[in-house]
Amino acid sequence: MTLSPMPPSEFLAALVYLGILLTISIYVPVKMVSKWRRMRRARTHLTCRICGFRFLRRDAEGICPHCQSRN
C-alpha cells in the first residue's frame, strides 16, 4: 500500500484550517475564563460613582471609604 503525496494546495488549505481551529480552541476558553473572573471581581469590588475611588465591598450598601457616598 503506497501513500500518494498530498498536493500543495490541499496541504496549505489543511494548514490554514488547522491554524483557525487551534486559534479558536485557545481564544474561546480564554475569553470564558476572563468573563468569569470579571463577574467574580464585580461582586467584591466597587468603583464609587461620585469620586471614582475603587474599593472592596464590605457591606450590602457599598459605602465609599473615601467620600462616604452610597453606591
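As a reminder, the structure under discussion sits directly above these lines.
Computed from a prediction, not measured in an experiment: that's the story for all the values here.

**Some points on the pattern of salt bridges**
Using the criterion set out here, one finds 1 salt bridge in the structure. Note that R70 and E61 form a salt bridge whose closest N and O atoms lie 3.8 Å from each other. Using a relative accessible area of 58% as the deciding quantity, one classes R70 as exposed.

**Thoughts on the side chain of S69**
The residue S69 is located in the segment after β2 (54-56) in this model. Residue contacts for S69: discarding those within four places in its chain leaves C48, I50, G62, I63 and C64.

Thresholds applied
- Residues numbered from 1 in each chain as written.
- Predicted model: local features only at pLDDT ≥ 70, side-chain atom pairs only at ≥ 80, totals over all residues.
- Heavy atoms only, no water.
- Salt bridge = Lys/Arg side-chain N within 4 Å of Asp/Glu carboxyl O.
- Buried < 20%, exposed > 50% of the residue type's maximum accessible area, 1.4 Å probe, protein only.
- Helix = DSSP H or I, 4+ residues; strand = E, 2+ residues; numbered from the N terminus.
- Contact = heavy atoms within 4.5 Å.

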